[in-house]
Amino acid sequence: MAAAIRVCCALRTSLGGAASLRVIGTSVQLSQLSRPNLLHWTCPVPSVVAWQQTRHGSFFNKLTADELWRGVLAETGAGARKGRGKRTKRKLKKDLNRGQSIGEGRAGFLWPGLNTAVVKAGAVQAMGRRGPAEQQELRAEMERQRDEWEKRRKLKVKRERGWTGNSWGGISLGPPDPGPNGETYEDFDSRVLEVKSVFNMTAKEGRKRSISCLVAVGNGNGAAGFALGKAADRVTALRKAKNRAIHYLYYIERYNNHTIYHDMETNFKRTTIRMKKQNKGYGLHCHRAIITLCKLIGIQDMYAKVEGSVNLLNITRALFNGLASQETHQTLADQKRLNVVEFRPECGPLPIVVARPVDGAREDPEVEDEVPNTRLNWKEVQAAQGMKRSVWAGVKRTIW
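Heads up: these notes are all about the structure in this document.

About the cut-offs
Residues numbered from 1 in each chain as written. Predicted model: local features only at pLDDT ≥ 70, side-chain atom pairs only at ≥ 80, totals over all residues. Heavy atoms only, no water. Core = buried A, V, L, I, M, F, W, Y, C linked by side-chain atoms within 4.5 Å. Buried < 20%, exposed > 50% of the residue type's maximum accessible area, 1.4 Å probe, protein only. Helix = DSSP H or I, 4+ residues; strand = E, 2+ residues; numbered from the N terminus. Contact = heavy atoms within 4.5 Å. Pairing = 2+ DSSP bridges. Axes fitted to C-alpha atoms, helices over the stretch in contact; angles between N-to-C directions. Patch = residues over 30% accessible without salt bridge, like charges linked within 9 Å, V, L, I, M, F, W, Y side chains within 5 Å. Areas by Shrake-Rupley, 256 points an atom, 1.4 Å probe, with all protein chains shown as cover. Salt bridge = Lys/Arg side-chain N within 4 Å of Asp/Glu carboxyl O. Expected span 1.5 Å × (residues − 1).

**Some points on the nonpolar core**
Among the nonpolar cores identified, the biggest contains 29 residues, and Ile 273, Met 275, Ile 290, Ile 299, Met 302 and Leu 323 are the most heavily contacted of them. Only strand 10 (206–218), strand 11 (223–231), strand 14 (271–277), helix 6 (288–297), strand 16 (302–308) and helix 7 (312–324) provide two or more residues apiece to this core. Apart from the residues lying within four places of it in its own chain, the contact partners of Met 275 are Ile 260, Asp 263, Met 264, Thr 266, Met 302, Tyr 303, Ala 304, Leu 319 and Leu 323. In terms of nonpolar packing, the next biggest core, distinct from the first, is built from eight residues, Ile 211, Val 215, Leu 238 and Ala 241 among them.

**Re the side chain of Glu 194**
Within the fold, Glu 194 resides in strand 9 (residues 189–202). Not counting the four nearest positions on each side in its chain, Glu 194 is found in contact with Ser 212, Cys 213, Leu 214 and Leu 312.

**Thoughts on the sheet that holds strand 11**
In spatial order, the strands read 9-10-11-12; together these four strands make up an open sheet with antiparallel pairing. The open sheet has two free edges, formed respectively by strand 9 and strand 12 (249–251), since each of these has just one partner strand. In this sheet, neighbouring strand axes are inclined to one another by 15° on average, regardless of whether the strands run parallel or antiparallel. Summarising the sheet, strand 9 and strand 10 pair through 13 bridges and their orientation is antiparallel. Bridge pairing links Arg 191 to Ala 216 in strand 10. Helix-sheet contacts for helix 5 (residues 234–245) involve strand 9, strand 10, strand 11 and strand 12, and the interaxial angle to strand 11 is about 150°. Across the sheet, helix 7 lies against strand 9, strand 10, strand 11 and strand 12, angled at about 155° from strand 11, the strand it touches most.

**Side note on the sheet that holds strand 14**
Taken in spatial order, the four strands of this open sheet run 13-14-16-15, and their pairing is mixed. Every other strand in the sheet has two partners, leaving strand 13 (264–268) and strand 15 (284–285) as the edge strands with one partner each. In this structure, strand 13 lies alongside strand 14, joined through five bridges in antiparallel fashion. Bridged to Phe 268 within strand 14 is Thr 271. Running over the sheet, helix 7 touches strand 13, strand 14 and strand 16 and is turned about 135° from strand 13.

**As for a nonpolar patch on the surface**
There is a patch of nonpolar side chains on the surface, built from Ile 102, Phe 109, Trp 111, Leu 114 and Met 127 and spanning about 510 Å² of accessible area. Tracing the backbone through its elements, the reader meets Leu 114 in the loop between strand 5 (109–110) and strand 6 (119–120).

**A closer look at the pairing of strand 16**
Where strand 14 and strand 16 come together, seven bridges link them in antiparallel fashion. Paired with Lys 276 across the strands is Tyr 303, a residue of strand 16. In terms of strand pairing, strand 15 meets strand 16 through two bridges, oriented parallel. For Leu 284, the partnering residue across the bridge sits in strand 16 and is Met 302.

**Focus: the pairing of strand 10**
Note on strand geometry: in a regular strand, side chains alternate between the two faces of the sheet. Counting buried positions along strand 10 gives 10 out of 13 residues, so the element sits mostly inside the fold. Counted along the chain from strand 9 to the antiparallel partner strand 10, the turn is three residues long. Looking at chain direction, strand 10 and strand 11 are connected through eight bridges and run antiparallel. Across the sheet, the residue bridging to Ala 216 is Phe 226, located in strand 11. Turn length for the strand 10-strand 11 hairpin, with the two strands adjacent in sequence and antiparallel, is four residues, and the turn residue Gly 220 shows positive phi of about 70°.

**Quick look at the environment of Pro 365**
The topology assignment puts Pro 365 in the loop between strand 18 (352–355) and helix 9 (378–385). For the pair Pro 365 and Lys 336, spaced 29 residues apart in sequence, the C-alpha separation works out to 9.9 Å.

**So, helix 5**
Taking 1.5 Å per residue as the helical rise, helix 5 with its 12 residues ought to reach 16 Å, and the 16 Å between its terminal C-alpha atoms agrees with that figure. For helix 5, the full list of buried residues reads Ala 237, Leu 238, Ala 241, Lys 242, Asn 243 and Ala 245. Where helix 5 is buried, its residues meet strand 9, strand 10, strand 11 and strand 12.

So, to be careful, I would describe these as geometric facts and stop short of saying anything about function.
Dropping the structure here:
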């Protein structure tokens, strides 16, 4: 057995060579390997005392709460990379500290500085204990609060209806978040155009799923923009797209603040959009995504026809490219150096001057070509000449 030597300190030090001295409380223990002859050995009192603080640790106090929950939910690891344990990922992470108070327990002890005040009525409080009735009432109140939290978590908030009942398209997300310098965008509104799942094939995780969102913002007065946001969850992707779209704004010119300046045809990749200027009160006869974008821009009357691909991102890019490149009346007057006039039904044959060139109109008129360089749409020509046959012409109708 090891020899015990009494000293009035708590330390761990070494005694000559391989001999080790370990102090427990006020007793010193000498290891079995370092006592060749204890009768002729004397233990000098060490002049220099080296303190060493030790702490017992495990994975409970080495890992953070997020790392512990990640291990419980099996979100990472070889199984998750191979697509196993998919049902375990549906478990919700619980906040075990919610509703807990430091120092509070079932026994009802009152610890000054934790669950009760240190100083009360000018006197320092000592450790106390609640009565059985008071402790039982406190426990019942805590259980009632936890039941309310569970009911509140299960309660589903009905969101605004979009284009359809089960679609995210057309849903308003409110104004973008304030900027880093305190700027706010209260006069802007954001609308969701598309929410879809995308996958990326990686070497370790295989098919990695993400959510991609297309969101447009606008103030209804000519300023609008759009952006894409991608994240692992839908809420983060929508927030990123909404806050990113405010940094990519277009200013769209409008004629009399209600329609476009002229008819145009714009395309992006395989998508073609033909837009026509309309009178006041006509409304928006367009694709549902174009209607949402026009409301954000501030266009009230327009006709648009989408041909080719109906990809929502292509439609959005084609629409903004076409509206941003339209020529205003003043731009056309400065380019041609001629007065731009407009004929209205209520004015008869009398023209109305809508724009004049800045440098003045030229004296010689513009040379007109024998064949106007105008691109016509074959379907419109067929409809105008009566050559287009209705799809309902050969349908047999029942006579009641």
